Amino acid sequence: MPPGNLELATEFPAASEQQWQELVRGVLAKAGYSDEQLADAPAKLLATTSYDGISIAPLYTADDRPDAAIGLPGVSPFVRGARAEGSVSTGWDVRARHAGTDAAEVNRAVLADLENGVGSLWVVAGEGGLPVEDLPAALAEVLLDLAPVVLDAGQDTERAAAALLALHAARGIPDSAVIGNLGFDPIGLAARTGSSAKALAAELAATATLAAGYANRYPRLRTVVVDALPYHDAGGSDAEELGVAVATGVAYLRALTDAGLPVEAAARQLEFRYAITADQFAGIAKLRAARRLWARVAEVVGIEKAAAQRQHAVSSSAMMTRRDPWVNLLRGTIACCAAGVGGADAVTVAPFDGALGADTAFSRRIARNTQAVLLEESHLAGVIDPAGGSWYLESRTEQLAERAWAVFTELERGGGIAAELTSGRLADRLAATWAARSANIATRTDPITGVSEFPNLAEKRLDRPALPARGGGGLPVRRYAADFEELRDRSDAVLAETGARPAVFLATIGPVAAHTARASFAANLLQAGGFETPSAGATADVDAILAAYRDSGAGIVCICGSDRSYAERAEPLATALTAAGARRVLLAGPRNTAYAQAGVDDFLYRGADALLVLRGVWRELEESS
């Protein structure tokens, strides 16, 4: 007999959502929320909003399931995966990126990767990468019919594609066995380097003619990449990245069919490349929503037996940091997990030191082993659609798909992706999203571990050779940590010149128990700007604090204490510090007019613009030096 339903936790009384809401109400009341704020469902106060305007609740129930059918794995709309069996038997394709310029070094790195679990190669060639003529040397001993190569050659793609296919022929690989992707992507190239509408139109038509010719000759080879990374790197949201990717895919379908390919064959030429961040649920929903969107396109254009969108997921370069780069190991692991759970066909984890310059054998090893651990030890691919059935993820996937479709249709109404890109309208849209994101980074609403939160001023810097620049002139390439890291660079320069970092003295009031919370908060924020934070220790005596301040040699001070100690001592202490020569007085706590009138110049509190405060401190130091 088939087993009945498995009832979990039957020995416990059933709990209702209302009971949970009441518990939340009690916790928030203790946190200081008013009765008026808590009058409605208190859990709403815990909700957050994504950059696409999606409200993310703290709890999801069966009532939050989307009305739209999500289907089954391997069945359109492919939300639950491209194949009915998932990746259980094969895992996903572990893809390593190689951007070196020396053929011998690239070859050593390529062979090491392939011998240790990598399944395909993403090779940067042409400008800023491997010289096209060196492709044969870089791919020496590579079994090209087993380890497919995906080219990323920018303006040199035509030459690189011809060289790669000539290498296949020289090794006796029949046309029917050639696999990989030639990497034609004129729209992505225009996004990175800039292009006029006329030039892009001509390039798109020429590329489509070439790609169509290759498609007819090499039935298993893909020729086109829809690279959404430039839009993510410019600061765009998930829906913007997806909407632009769909619009680009549609533009390529039009161009390829105009070049003579049937629409089904044209769709088979495309592989989509997406960025995945350390926000694992956003990454999972992005890949699921992307397949849903492309299934809708296939339906509209009349592909009767549509296959799922082919996806290449890449750990985000925008989220990578130069400071405390070891944290990038965690970011890459989470991104890889999200890519695998989300159903990506191929996954690239960037080496943890990629933001610093050229990677190393060690960092490449860690990058590929990150995937090996998740595949071989955690068996992450051993479950078909592990995200299926999550009310939160199903809801977020559907909402993201709706917003991305709205972006796509808006781009189409504007004349298509090429027109929106070359006119600058798309750049303006991405810039608006970046402005919102950068504001959250500045206030540490979006914290960056090791940089804006928990910085380590004593960390040993890693030095890496710089990589040659690629392109330029198109969309900006941003990293989330760059503004905070620029302040840390200033601090390093001062240390190198004077032997000591700039400091902000913490005027701690009272015993440790009274000031430690705000002193720790202030030290964390100030160290994110590169400032040492000597303190007065445990004393309530104003004269003792002033003496410790003079001994510190710091010209800027931050008062740290409890509300009670502030009421008793903040105003006279601020006045005394100013009289003692402090050029700028800060206070760890909410803004207070009385303290400001007594000489406090700025306030440090949760939600404050940390970058604005830190730049103000730096400006004061530089003007007084």
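This is a predicted model, so every value here is computed, not measured. (Residues numbered from 1 in each chain as written. Predicted model: local features only at pLDDT ≥ 70, side-chain atom pairs only at ≥ 80, totals over all residues. Heavy atoms only, no water.)

Caption draft 1: Quick peek at the overall build of the chain. Summing up its helical and strand segments, the chain has 21 helices and 14 strands in all. For the chain, the spread of C-alpha atoms along the three principal axes comes to 85 × 65 × 50 Å. Restricting the contact set of the chain to residue pairs at least 6 apart, pairs at least 24 apart contribute 77%. Within the structure as shown, the chain displays about 27700 Å² of accessible surface, and the carbon and sulfur contribution to it stands at 53%. With 58 positive and 76 negative side-chain charges, the chain shows a separation of 1 Å between the mean positions of the two kinds. (Helix = DSSP H or I, 4+ residues; strand = E, 2+ residues; numbered from the N terminus. Contact = heavy atoms within 4.5 Å. Areas by Shrake-Rupley, 256 points an atom, 1.4 Å probe, with all protein chains shown as cover. Lys, Arg positive; Asp, Glu negative; His and termini not counted. Charge placed at Lys NZ, Arg CZ, Asp CG, Glu CD.)

Caption draft 2: Representation of the layout of surface pockets. In this structure, the second largest pocket encloses a volume near 930 Å³. What lines the second largest pocket is a set of 32 residues, among which Tyr51, Thr277, Asp279, Arg437 and Asp446 lie closest to the centre. Residue classes in the lining of the second largest pocket are distributed as 14 nonpolar, 10 polar and 8 charged. (1 Å grid on protein atoms, 1.4 Å probe; cavity = no way out; pocket = protein on both sides within 12 Å on 5 of 7 lines; lining within 4 Å. Points joined across faces, edges and corners; volume = space filled by probe spheres on them. Nonpolar A, V, L, I, M, F, W, Y, C, P; charged D, E, K, R; others polar.)

Caption draft 3: Molecular detail of the pairing of strand E3 (residues 93-98). Along E3, 5 of the 6 residues are buried, which leaves the element largely enclosed by surrounding structure. In the sheet, E3 pairs with strand E10 (residues 346-348) via 2 bridges, with the strands oriented parallel. By the bridge assignment, Val94 is partnered in E10 with Val347. With 4 bridges joining them, E3 and strand E4 (residues 120-124) adopt parallel strand pairing. Bridge pairing in E4 links Arg95 to Ser120. In this fold, the crossover linking E3 to E4 by way of helix H2 (residues 103-115) has right-handed handedness. (Buried < 20%, exposed > 50% of the residue type's maximum accessible area, 1.4 Å probe, protein only. Pairing = 2+ DSSP bridges. Right-handed = clockwise from strand over helix to strand, strands pointing away.)

Caption draft 4: Broad picture of the state of the cysteines. With the rule as written, the count across this model stands at 0 disulfides. Cysteine Cys336 remains unbridged, with the sulfur of Cys337 as its closest cysteine sulfur at 7.5 Å. A relative accessible area of 1% means that Cys336 is categorised as buried. (Disulfide = S-S within 2.5 Å.)

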